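Observations on the model geometry
Below are the chains, spelled out letter by letter.
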Amino acid sequence: MNQCVHGMIYLAVLVAFAACDAPPVPLDDIVFEKTFVPEQCVRAVKVGDYVRYHYNGMFPDGKKFDSSYDRSSTYNVYVGKKQLIEGMDRALVGMCVNERRLVKIPPQLAYGKEGYGDVIPSDAILHFDVLLLDVWNPDDGVQMKTYYSPENCSRKVEVSDYVRYHYNGTLLDGTLFDSSHTRMRTYDTYVGIGWLIAGMDQGLLGMCVGEKRIITMPPSLGYGSNGDGSDIPQQASLVFDVVLLDLHNPKDGVSIINQDIPQPCHRKSVAGDFIRYHYNGSLLDGTFFDSSYSRNRTYDTYVGKGYVIGGMDEGLIGVCIGEKRRIIIPPHLGYGEEGTGTKIPGSAVLVFDIHIIDFHNPSDTVVITTNYKPEVCETLTKKGDFVKYHYNASLMDGSFIDSTYNYGKTYNIVLGANQVVPGMEEGLKEMCVGERRHLVIPPHLGYGERGVDGEVPASAVLIFDIEMIEMEAGLPDGYMFIWNEDVSADLFTEMDADKDLQVLASEFSDYILRQVNEGKGRLAPGFDAYRIIENMFSNQDRNGDGKITEDEFKLKADETTHDEL
């Protein structure tokens, strides 16, 4: 100690030599008692180490002559280099951090016959109550100890990577000086380019996301001889308990891990397609932030047009319907340095586990695949025909919608009468009885952006497996009734059953139905016969008085526009 009382030259005299009433018991060597031993001793003091410790200095009668506590500053010194009195140099060797010793030093290993001014009398035995707080060696480097490793580690921290991590920072004796946990915010920084203290720059290298590591560094790789000016003392070793939450590099692109690709895959998505997909969204450490499943609704969007974040726009290109894929998106292709302000932190890597339900393009038409066609297939369906068919309806992911087989009856429509969605109209054309087809109908030819509440999702591609059971030829376009034979020259008179020169609605209806029953005329199939006849009557009742006169009555051939006769 340069022959001073632990360097405290200006300490006031507490006990004068003249006050010593009895001579101390002579000692031949130092004597020490371990008054506290920590459970763990990772390292013991060796000659050449640098130590920081607190002490109380007393005479054998208990009177204090010096104390580091009174100065609120540890005593910092190299051990075994004659910077201390010989007894203290020897007494510190072998101590562990947080160990406490009561050391008794004889005069010949302290200040001897000369003493020290008015503070230490001649031939004084000295007692020191010592608490070791820190130990390091100039040859020390960063020490890293991993106490938790994740099962999978596809990537480790390298120089110039950007990381997000939580930490608790303590001194070697366990004193907490800082924690990201208390701020409830990760520490985010580049590694290996000088943005961190040197020890942390080194200590983070090689870590995996999810790894937990203790990083211990000497002052030379921490805050050095000056400390940080507040919580970190001079020449303090630092201990950081770190958990790595996120890792990326500014040069990173989107990473795609194909988990399940269905076979066959007839088509892959391209820019401009409209996609419906489910997803689970999480951070790189597994922290969940969002899911379409929780809303029980797919996420529906165009891809390649900037409607979603850049990484998702890219990651959804080239997928197959039914594919499951993991998309890992660096922050510059996600939500950037700002995040979303709530669930997604700034500079966070995003992980999306997606399931493609369906996709289509606005230019898509109905895809018709004939699964079976009878050998004799001459009469084909056309506009106006009345058709009866069975169907099974589902979504692209196989989700069931409806089936006529469940009801035990066919679905019956008139082609071209807008009784089904346009895609079904298209799919039923030019079929023959007994033919079976597989239809893929894009939403703009199905139920569109709104879908059918509780049955068909919005913007859903539809799958129909159909079988033509029966068909009845329709009438020429624009006709709801036709004659199968030449029209009577005295048609009005035949209708006028009571011969009162006017045809009532009942007379008109009875006559038309009789012609149909006798095969002389034919009503358009698939429609309500009475509604057709009512419309025919209305067309002939020019003045709307509920009866047709001979002057009002005209055949279709006589009309400039079509009516029913």
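It should be emphasised that the depicted structure is a prediction, and the values quoted were computed from it without experimental measurement.

It is worth spelling out the overall build of the chain at this point. Secondary structure assignment for the chain yields eight helices and 28 strands. Here the C-alpha radius of gyration of the chain, 47 Å, is well above what a compact globule of 565 residues would show, namely 24 Å. Taken along its principal axes, the extent of the C-alpha atoms in the chain is 160 × 50 × 40 Å. Across the 565 residues in the chain, those meeting the buried criterion constitute 46%. Looking at the chain alone, contacts between residues at least 24 apart form 70% of all its contacts between residues at least 6 apart. On the chain, roughly 29200 Å² of surface is accessible, and the fraction owed to carbon and sulfur atoms is 48%. A gap of 8 Å separates the mean positions of the 51 positive and 83 negative side-chain charges of the chain.

When the UniProt feature table is mapped to this numbering, "domain: PPIase FKBP-type" (unreviewed entry) covers residues 48-136, 160-248, 272-360 and 384-472. Helix and strand shares over residues 48-136 are 7% and 38% respectively, and the end C-alpha atoms of the span are 9 Å apart. Counting secondary structure, residues 384-472 comes out at 8% helix and 39% strand; the distance between its end C-alpha atoms is 9 Å.

The next thing to look at is unusual backbone geometry. Cis geometry marks the peptide bond from Gln-263 to Pro-264, where omega comes out at 0 degrees. Examined against the element boundaries, Pro-264 turns out to sit in the loop between strand S13 (255-260) and strand S14 (274-283). A positive phi angle, near 55 degrees, is found at Lys-499, a position not held by glycine. One can find Lys-499 in the loop between helix H6 (491-495) and strand S26 (502-504). One non-glycine residue, Leu-501, adopts positive backbone phi at about 65 degrees. Mapping Leu-501 onto the fold places it in the loop between H6 and S26.

Moving on, we get to the state of the cysteines. Scanning the entire structure with this criterion turns up four disulfides. The side chain of Cys-265 participates in a disulfide bridge whose partner is Cys-320; the two sulfur atoms lie 1.9 Å from each other. The chirality of the disulfide connecting Cys-265 with Cys-320 is left-handed, given an S-S dihedral of about -100 degrees. With Cys-265 in the loop between S13 and S14 and Cys-320 in the loop between helix H4 (310-315) and strand S17 (324-329), this residue pair connects regions lying 55 residues apart in the sequence. Cys-320 gets classed as buried once you look at its relative accessible area, which sits at 1%.

Next up on the list: the side chain of Ser-67. As for its position among the elements, Ser-67 is in strand S3 (residues 64-67). Looking at Ser-67, the relative accessible area reads 2%, which means it is buried. A distance of 3.5 Å separates a polar atom in the side chain of Ser-67 from the backbone oxygen of Tyr-55. Not counting the four nearest positions on each side in its chain, Ser-67 is found in contact with Tyr-55 and Asn-56.

Secondary-structure assignment places Ile-193 in the loop between strand S10 (187-190) and helix H3 (198-203). C-alpha of Ile-193 to C-alpha of Arg-43: the two residues are 150 residues apart in sequence and 31 Å apart in space. Contacts of Ile-193, omitting those with residues within four sequence positions, involve Ser-160 and Asp-201.

A separate point is the pairing of strand S18 (residues 350-360). Within a regular strand, the side chains alternate between the two sheet faces. Counted residue by residue, S18 has 10 buried out of 11 residues, so it is predominantly covered. Two elements, S14 and S18, share 10 bridges in a ladder whose sense is antiparallel. Bridge pairing links Gly-281 to Phe-352 in S18. Both S17 and S18 contribute to a ladder of six bridges, which runs antiparallel. Within S18, the residue paired with Ile-327 across the bridge is Phe-352.

Below, the discussion takes up the nonpolar core. Residues Tyr-53, Leu-126 and Phe-128 are the most contacted members of the largest nonpolar core, which totals 31 residues. Secondary-structure elements contributing two or more residues to this core are strand S2 (50-58), strand S4 (75-78), helix H1 (86-91), strand S5 (100-105) and strand S6 (126-136). It is S6 that contributes the most residues to this core, five residues altogether. Core analysis: the second largest hydrophobic core is formed by 24 residues, Val-157, Leu-171, Leu-196 and Met-200 among them.

Conventions and cut-offs
Residues numbered from 1 in each chain as written. Predicted model: local features only at pLDDT ≥ 70, side-chain atom pairs only at ≥ 80, totals over all residues. Heavy atoms only, no water. Helix = DSSP H or I, 4+ residues; strand = E, 2+ residues; numbered from the N terminus. Rg over C-alpha atoms; globule rule 2.2 N^0.38 Å. Buried < 20%, exposed > 50% of the residue type's maximum accessible area, 1.4 Å probe, protein only. Contact = heavy atoms within 4.5 Å. Areas by Shrake-Rupley, 256 points an atom, 1.4 Å probe, with all protein chains shown as cover. Lys, Arg positive; Asp, Glu negative; His and termini not counted. Charge placed at Lys NZ, Arg CZ, Asp CG, Glu CD. UniProt positions renumbered as here; feature names shortened; annotations may be inferred. Disulfide = S-S within 2.5 Å. Polar contact = N/O pair within 3.5 Å; in protein donor to acceptor, adjacent residues only side chain to side chain. Pairing = 2+ DSSP bridges. Core = buried A, V, L, I, M, F, W, Y, C linked by side-chain atoms within 4.5 Å.

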